[in-house]
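Summary of structural features
These are the residues of each chain, in order.
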Amino acid sequence: FPSRLPKVGTTVFTIMSALAAKHQAINLGQGFPDFPCDRELISKVHAAMLADHNQYPPMMGIAELRQGVSQKISALYGRDYDTDTEITITAGGTQGIMTAILCCVSPSDEVVIIEPAYDSYRPSIDLAGGKTVAVSLTANRDDQGIVSSYSIPWDDLATAINTKTRLVIINTPHNPTGMVWQSSDLERLANLVRNTNALILSDEVYEHMVFDGHQHISIASHPELAARSFLISSFGKTYHVTGWKVGYVAAPAAMMAEFRKVHQFNVFTVNTPMQYGLAKYLKNAEHYLGLPFFYQAKRDYFRKGLQQTRFKLLPAPASYFQCVNYTELGISQTSLSEADFCSWLTTEIGVAAIPVSAFYAKPIESGVIRFCFAKEEKTLSSALERLQTL
Ligand code: GLN
């Protein structure tokens, strides 16, 4: 059967979770919490179901939730998105990304991405008929050759962005490195796109997981860029409910009108009771304002444990991921590819991880794998015990 995505198999997240389940490994691969969400959020969804909010909601999502999103963005990032015309509730971040790409990329349009890049970007661009132009994040290394920080490859981006560019996809905080864009970075991006037709897709699903007192700088906070941007976020990430698959997209009205044309024939709309529950729960900012501290404690605990191993730690300034380099473990498996090393780690050591090579079209094998630390301390501690045997 002729494939529209000949190079695509099953996503690495599904494969690694299945392998972890098969071998009863501790799953630090796919990014999701292993702890429960707030019971109050469940009660609010339950109440919505009992109140018979069980039929189709409006195509763009219920008004109360769109209002909540608008108020939140306004309070945190200072841009007012119109509730009726500029916000749409999506079936998670990934659907928002696919729909945004499909609504604006035409065949032969160029789309610029920065690798390592979340695995859904490229296939979404392929389905739209667009051409992916990938540049690589710059890894800055210390004296021992270990990555100490990342920076945006401005020269490469300046070459990549031209009159054929329809969309530039950015991701901050970044999966898998945790790199966070600064205001000055947004300013430089604005300089690059100013005289082009390029739109921006800003994937900000880890917006509430930024550590060490640093701030997430949303595209919404930059008026010039926001005027040409799709902003993507995820309730699943923020409220520990990745399985609910609810997120949102904000964009200027003209862009959102095109987004909705595709959205309505893609999923039509998103389940009603979760939207009511989230709308009520979102009114209280306490949860997401506390999230940086909540996740920083987990990151610090996990990093401290990893320091007792021979893995080399990469920076983890944001998101719920910690990348490590395995090339100096002093065992024969260090010569394995990142994908094979992750399979071995899952089946033989009992800890699942994600190969960072999965975030590249042409993997650069630098011996780096990603762990998710959105886990109970006891899960992290059991995983660390196993990793400390290496
Ligand atoms: N974003 C999640 C991660 O990087 C995975 C989402 C998915 O499995 N599709 O782990």
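Every value quoted in this text rests on a predicted model; they were computed, and no experiment measured them.

Regarding the overall build of the protein chain
When you go through the protein chain residue by residue, the secondary structure sums to 14 helices and 15 strands. Relative to the globule expectation of 21 Å for 390 residues, the C-alpha radius of gyration of the protein chain, 21 Å, shows essentially globular dimensions.

Let's talk about the site of the ligand
As a structural note, the neighbourhood of the ligand is formed by Thr11, Phe13, Gln30, Gly31, Thr94 and Asn175. Residue composition of the shell around the ligand, grouped by class: one nonpolar, five polar and no charged.

Structural notes on the sheet that holds strand β2 (residues 87-90)
Two pairing modes exist for strands in a sheet, parallel and antiparallel, and in both the strands are linked by backbone hydrogen bonds. If you trace the seven strands from one edge of the open sheet to the other, you get β2-β10-β9-β8-β7-β3-β4, paired in mixed fashion. A strand with exactly one partner marks an edge of an open sheet, and here the two such strands are β2 and β4 (131-136). In this sheet, neighbouring strand axes are inclined to one another by 20° on average, regardless of whether the strands run parallel or antiparallel. Across six bridges, the pairing between strand β3 (residues 110-115) and β4 is parallel. Residue pairing across strands places Val112 opposite Val133, the latter belonging to β4. Lying on the sheet, helix α4 (residues 92-104) is in contact with β2, β7 (165-171), β8 (199-203), β9 (229-234) and β10 (247-250); it crosses β9 at an angle near 160°.

What about the sheet that holds strand β14 (residues 354-355)?
The strand order across the open sheet formed by four strands is β11-β12-β15-β14, and the pairing between neighbours is antiparallel. Among the strands making up the open sheet, the edge pair consists of β11 (312-313) and β14. Both strand β12 (residues 321-325) and strand β15 (residues 368-372) contribute to a ladder of five bridges, which runs antiparallel. Residue Gln322 lies in a different strand from β15, and its bridge partner there is Phe371. Sitting on the sheet, helix α12 (residues 286-306) is in contact with β11 and β12, with an inclination near 15° to β12.

Focus on the packing of helix α2 (residues 39-50) against helix α11 (residues 272-282)
For any two helices packed against each other, the geometry comes down to the angle between their axes and how far apart the axes lie. Direction vectors running N to C along α2 and α11 enclose 130°, while the axes themselves pass 8 Å from each other. With respect to each other, α2 and α11 are oriented oblique. Here α2 and α11 pass one another in a crossing that is right-handed. Contacts from Glu40, Leu41, Lys44, Val45, Ala48 and Met49 in α2 reach Pro273, Met274, Tyr276, Gly277, Lys280 and Tyr281 in α11. Each residue belonging to the contact of α2 with α11 can be placed in one class, and the counts come to eight nonpolar, one polar and three charged.

Topic: the pairing of β12
Burial analysis of β12 places five of its five residues in the buried class, which makes it a mostly covered element. When β11 meets β12, the two strands line up antiparallel, connected through two bridges. Its bridge partner lying in β12, Leu313 is registered against Val324.

Overview of the UniProt feature "domain: Aminotransferase class I/classII large" (unreviewed entry) in the protein chain
The sites that carry the UniProt feature "domain: Aminotransferase class I/classII large" (unreviewed entry) are, in the present numbering, residues 25-387. Spanning residues 25-387, this segment combines 39% helix with 18% strand, and its end C-alpha atoms are found 12 Å apart.

Describing the domain arrangement of the protein chain
According to the domain assignment, the protein chain consists of domain 1 (12-37 + 290-387) and domain 2 (39-286). Each of domain 1 and domain 2 has a C-alpha centre, and the two are 25 Å apart. Domain 1 puts 28 residues into the contact, and the matching count from domain 2 is 33 residues. Where the side of domain 1 that touches domain 2 is concerned, the elements lending two or more residues are α12 and β12. The biggest single contributor to the side of domain 1 that touches domain 2 is α12, with six residues.

Parameters and conventions
Residues numbered from 1 in each chain as written. Predicted model: local features only at pLDDT ≥ 70, side-chain atom pairs only at ≥ 80, totals over all residues. Helix = DSSP H or I, 4+ residues; strand = E, 2+ residues; numbered from the N terminus. Rg over C-alpha atoms; globule rule 2.2 N^0.38 Å. Near = placed C-beta within 6 Å. Nonpolar A, V, L, I, M, F, W, Y, C, P; charged D, E, K, R; others polar. Pairing = 2+ DSSP bridges. Axes fitted to C-alpha atoms, helices over the stretch in contact; angles between N-to-C directions. Contact = placed C-beta atoms within 7 Å. Parallel < 35°, antiparallel > 145°, perpendicular 65-115°, else oblique. Left-handed = near helix turned anticlockwise from the far one by under 90°. Buried ≥ 20, exposed ≤ 12 C-beta atoms within 10 Å, placed from the backbone. UniProt positions renumbered as here; feature names shortened; annotations may be inferred. Domains from an automatic or database assignment.

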